[in-house]
Amino acid sequence: MIEKNYQPADIEARMSLVWEDSRAFKAGRPDRRDASPFTIVIPPPNVTGSLHMGHALNNTLQDILCRFERMRGRDVLWQPGTDHAGIATQMVVERQLMERQQPSRREMGREKFLERVWQWKAESGDTIINQLKRLGASCDWSRERFTMDEGLSRAVVKVFVELHRDGLIYKDKRLVNWDPKLLTAISDLEVQQVEVKGSLWYLRYPIEGKTFSPDDPASFIVVATTRPETMLGDTGVAVHPDDERYRKLVGKHVILPLVGRKIPIVADEYSDPEKGSGAVKVTPAHDFNDFDVGKRHGLRQISVLDREGRLDLVGNEDYLHALPEGAAQFAEEFQGAERFAARKRIVERLQDFGFVERIEPHTHMVPHGDRSGVVIEPYLTDQWYVDAKTLARPAIAAVRSGETTFVPKNWEKTYFDWMENIQPWCISRQLWWGHQIPAWYGPDGKVFVAETEEEAVSHALGYYVEQEVITEEQGREMALDRGKREGFITRDEDVLDTWFSSALWPFSTLGWPDDTPEVKRHYPTDVLVTGFDIIFFWVARMMMMGLHFMKEVPFSTVYIHALVRDEKGAKMSKSKGNVIDPLNLIDEYGADALRFTLAAMAAQGRDIKLATSRVEGYRNFATKLWNACRFAEMNNCAVPENFEPAKAKETLNRWIAHETAHTAREVSEAIEAYRFNDAASAIYRFVWNVYCDWYVELAKPVLLGEDGPARAETRTMVAWARDEILKLLHPFMPFITEELWEVTAKREGLLALASWPLKPEPTAEQLAMIAAAMPNDGFIAPVVLPMFDHSDFSDPAAEAEIGWVIDLVTAIRSVRAEMNIPPATLTALVLAGAAAETKARAPRWTDVIKRMARLSDISFAERAPDGAVQLLVRGEVAALPLKGVVDFAAEHARLDKEIGKADADIKRAEAKLANEKFVANAAEEVVEEEREKREAAMARKAKLLEALERLKQAG
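Reading guide: rules and limits
- Residues numbered from 1 in each chain as written.
- Predicted model: local features only at pLDDT ≥ 70, side-chain atom pairs only at ≥ 80, totals over all residues.
- Heavy atoms only, no water.
- Helix = DSSP H or I, 4+ residues; strand = E, 2+ residues; numbered from the N terminus.
- Salt bridge = Lys/Arg side-chain N within 4 Å of Asp/Glu carboxyl O.
- Buried < 20%, exposed > 50% of the residue type's maximum accessible area, 1.4 Å probe, protein only.
- Phe/Tyr/Trp six-rings, centres within 6.5 Å; stacked < 30°, edge-to-face > 60°.
- Lys NZ or Arg CZ within 6 Å of the ring centre and 35° of its normal.
- Pairing = 2+ DSSP bridges.
- Contact = heavy atoms within 4.5 Å.
- Arc of directions from axis to C-beta.
- pLDDT = per-residue confidence, 0-100.
- Axes fitted to C-alpha atoms, helices over the stretch in contact; angles between N-to-C directions.
- Left-handed = near helix turned anticlockwise from the far one by under 90°.
- Nonpolar A, V, L, I, M, F, W, Y, C, P; charged D, E, K, R; others polar.
- Polar contact = N/O pair within 3.5 Å; in protein donor to acceptor, adjacent residues only side chain to side chain.
- Disulfide = S-S within 2.5 Å.

Cis geometry marks the peptide bond from V407 to P408; its omega dihedral reads -5°. Cis geometry is adopted by the peptide bond preceding P524, which originates at Y523 and carries an omega value of 0°. The backbone of N820 sits at a positive phi, close to 55°, despite the residue not being glycine. Relative to the helices and strands, N820 resides in the loop between α29 (796-818) and β26 (827-832). At R854, a position not held by glycine, the phi torsion is positive, near 60°. With respect to the helices and strands, R854 occurs in the loop between α30 (836-853) and β27 (855-861).

The following block contains the structure:
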């Protein structure tokens, strides 16, 4: 017996256990052994993570696809797992050590510290997984993987060694995003651009051969910079080749203030004549753009900061090289100064000598570490790199050829823009937690890359014996005794970028590099569902690694979903205080309500504006479904075995079968096309409007009437349609539908494994298999295809009759509402010039129409009477004589007034949107809100004009 009230918390906990105990989501179930596989790999959340709204959207959409395909009979593998999250996890454990006043990471040593990280992972690493289960994610949890698993680690090492052997991994000195607090290189994704109110310093650089004077503009060139502290590392000044002001200076030199270094003036298009002075200082070792300018012009790279962001000048051979006598004094003066303190002191010294022309306030974007919160430093250092340009070529070709397609299509342009301008990928990180780079160094710095330490040591010792650096006897001793080779052969301390192991996720999780059955069956995967922000960091790299090692794309489709914003369209952030916690919403409204909200709002290419009221509204939707199922149960509605809805006799019942088939097709097509919002909208409309508001209401007189064939058939159809609703709704709202399937439908087996209402079309491969088994006469008998039964029940006559009743009642209700006719006031209805079909069907539904539309009488006439409001219903006129019921003059005045208000709202919004300054300066969400106001006012006006036109016809 179904409970009176819908309580999602009780249901969700119970259903989760039911699914887990029955292993409902396990791939390779015996009953699916011969089924076509469907595979999705989860974007692995950080092991340190907690469920946020992005996770909720991403995993809801994946789950819809998996549950949909599972019900269509496919062998679904939704591969779960978590990412080891190098920086994040290391920080969490280090913070824990500090809070507990325990030895620090450095005091503990690498081995002991890593033991603590694994201990933390065992205690707290399942948080995000348990939260995904609360959301209803139907992953095969028995196959959960972790990027530091033994198997995945083996895959990482193999890939590194093979790419290094092929010349696609190498070591180089380049600029990286350096975090001076965490003391490691970080990826672009870990860098946040923060708007900072700073200054723009205009500095005078004396021209070589001229006597410098602040009063003589011919004796210097002015450069503008936001970072005067790096000027000690300048090795050039750049001007635009078309800038007439500086054309004669190109090829000459300036003398670097305070330092005395002679540096060239070069012509480069990077310099913007419209910005600052049009001349920029070039510091190749401290700016990414300057690094490229320096490469183009052969400028030296002089790093003047150390790992902690302090000036490093004394003993710095690059800095001291070829300095004039006496210039080294500044090295001692500024040595060890923190970069921002150094900025202040350097500017003061420049001012002392007249080298500062002016200082202007300047608001600009400054990169900060997303975890450390400090300003990121472009830093010149030796790191390991992947030759991404070479690996990108086949990945670009695969998308151009259509092997992999993006949905929406416009994201392919973003993919190509990134891939065609790809830079070497820095893959080393100065951390302890992660995959340690499988490289060992000899005493002379020679690198030995191998899959195991034993293999590397063997190669190294063999090399140094051959080079006569050590004897054969020493080599044998070192091979047998680790202690004797310590200090002679050392392992690279760095670990790999987390994205390196993530790039292997589609095949490493299946058991590669071993030749497992799972790799053969589930690679390539079917679709990847992810956010646009990691197209480059993850999607592109999976494409590169998949094609290189598996010789196939890792997925045929990439569905890119949008952002979840707050209800005003602002991006959620802790600083704004507008973050919506999905777990709080689940606690208050249930996971099903949250899931349906996200799906219903997931229009392709459009960000989601999430309001709590929407979630509450879909919680009400779940309650309406619950009550409809209670109604069916209370009226003893049940489906007998072998019931065939197509054999129903009653027009109303044939109509609901027709509508159900139509909705099943609509939902199926929308999910197949990744139009999740359209699919959710179709099932919502069917449940709320078609089934609850119309079918159940129209069926009530029959259900409450006398026993007989009509009542029995209607009971069955109420239950049958309910069951089909539970199936169609299950991918979106799995908990409530599984509960109702068990409690009210009383069906054997889980709904999660039940058959979808509409079977998929057979694939070309499946048809070929069937054809091969048939006689060679070119004919496939229908009996061979029961598994592909996609019969589309249709009854246009039933739809015409019931649809007419619904449209007529809806139109009358609309007019009554527009004209403020009280519910107690009954009005007459005249069907003018009605066709024979209408005259035949009207008497069958007279009582129903009168009751639902609040009518006193229904009659027929050749034409509409005077003073009647005319409605066009399915091509025929239905007239409501309202003279004496409605004050036409007062109603006309009211509508005119409302139209005036709508016009004012439209004018106000259009004035704002026509203001270029407003559109340029206002927040994106504010501009969008004005557009929405305008559209709403225009829609309101159109409806009012329609009502006014009807009123004029009646008057």
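Next comes the rest of the write-up.
Now for the pattern of salt bridges. Counted under the stated rule, the structure contains 65 salt bridges. As a salt-bridge pair, E150 and R154 come within 3.5 Å of each other at their nearest N and O atoms. In this pair, E150 and R154 are both assigned in helix α7 (residues 150-165), four residues apart and thus about one turn of the helix distant. Accessibility expressed as a relative area gives 58% for E150, which makes it exposed. Here E420 ties to R400 by a salt bridge, and the two come within 2.4 Å at their closest N and O atoms. Residue E420 is located in helix α13 (residues 411-420), and its partner R400 is located in helix α12 (residues 388-401); the two are separated by 20 residues in the primary sequence. Given the relative accessible area of 52%, R400 is considered exposed. Each member of the salt-bridge network shares a partner with another, and the members are E69, R72, R74, D526 and E672.

A separate point is the packing of aromatic side chains. Scanning the entire structure with this criterion turns up 41 aromatic pairs. Among the aromatic side chains, those forming a connected cluster through ring pairs are F596, Y618, F621, Y684, W688 and F732. Its guanidinium or amino end placed over the ring of W19, R67 lies 4.5 Å from that ring's centre, counting from NZ or CZ. It is K624 that lies over the ring of W688; its NZ or CZ is 4.6 Å from the centre.

Moving on: the pairing of strand β14 (residues 377-386). Where burial is concerned, most of β14 is hidden: nine out of the 10 residues are buried. Bridge analysis of strand β5 (residues 169-179) against β14 gives 10 bridges, and the strand direction is antiparallel. In the sheet register, V176 faces β14, and the bridge partner there is Y379.

The next subject is helix α27 (residues 734-745). The buried count for α27 comes to 11 of 12 residues, which makes it a mostly enclosed element. Among the residues of α27, those classed as buried are P734, F735, I736, T737, E738, E739, L740, W741, V743, T744 and A745. Contacts from the buried residues of α27 go to α1 (8-22), α2 (53-71), α6 (127-135), α22 (591-600), α23 (612-634) and α26 (709-729). Within two residues after α27, K746 carries a phi angle of roughly 55°, on the positive side.

Here the focus is α13. By the burial criterion, the buried members of α13 are W411, E412, Y415, F416 and M419. Looking straight down α13, one finds that the buried residues subtend no more than 140° of arc, so they occupy a single side. Where α13 is buried, its residues contact α12, β15 (405-407), α20 (535-550) and β23 (555-561).

Looking now at the confidence of the model for the protein. Confidence in the prediction for the protein averages 91 pLDDT; 96% of positions are at 70 or higher. Ignoring residues within four places in sequence, the model shows residues 773-791, a span with pLDDT below 50, making 22 contacts including any to other chains.

In this structure, T557 sits in strand β23. Its relative accessible area of 11% is what places T557 among the buried residues. T557 has contacts with T405, V407, D526, V527, L528 and Y674, leaving out every residue within four places of it along the chain.

With that settled, the discussion passes to the packing of helix α21 (residues 582-589) against α23. Closest axis-to-axis distance for the α21/α23 pair is 10 Å, and the angle between their directions is 35°. Here α21 runs over α23; the crossing is right-handed. Taking contact as the criterion, the partners of L585, E588 and Y589 in α21 are, on α23, T612, V615, E616 and R619. Considering only residue class, the contact of α21 with α23 consists of three nonpolar, one polar and three charged.

A few words now on the environment of E666. Tracing the backbone shows E666 in helix α24 (residues 651-672). C-alpha separation for the pair E666 and A682, spaced 16 residues apart in sequence, amounts to 6.8 Å. Not counting residues up to four positions away in its chain, the partners in contact with E666 are A682 and R685. In this structure the side chain of E666 is engaged in a polar contact, spanning 2.9 Å, whose partner is the side chain of R685.

Right, let's get into the pairing of strand β2 (residues 75-79). In terms of burial, β2 is largely enclosed, as five of its five residues are buried. Burial along β2 is two-sided: the residues D75, L77 and Q79 and V76 and W78 are all buried. Taken together, the five bridges between strand β1 (residues 37-41) and β2 define a ladder with parallel strand orientation. Its bridge partner being in β2, I40 is matched across the sheet by W78.

Turning our eyes to something else, we now look at the sheet that holds strand β9 (residues 236-239). Ordered by their spatial adjacency, four strands build an open sheet running β10-β11-β9-β12, and the pairing between neighbours is mixed. Here the strands that pair on one side only, and so sit at the sheet edges, are β10 (253-255) and β12 (279-282). When the angles between neighbouring strand axes are averaged without regard to direction, this sheet yields 30°. Both β9 and β12 contribute to a ladder of four bridges, which runs antiparallel. For V239, the partnering residue across the bridge sits in β12 and is A279. Sitting on the sheet, helix α8 (residues 288-297) is in contact with β11 (262-267) and β12, with an inclination near 85° to β12.

With that settled, the discussion passes to the state of the cysteines. Inspection of the entire model under this criterion finds zero disulfides. C66 provides the cysteine sulfur closest to C139, a residue in no disulfide bond, and the two sulfurs are 7.1 Å apart. The exposure class assigned to C139 is buried, which follows from its relative accessible area of 1%. Take C692: it sits in no disulfide, and the sulfur closest to it among the cysteines is that of C629, at 8.2 Å.

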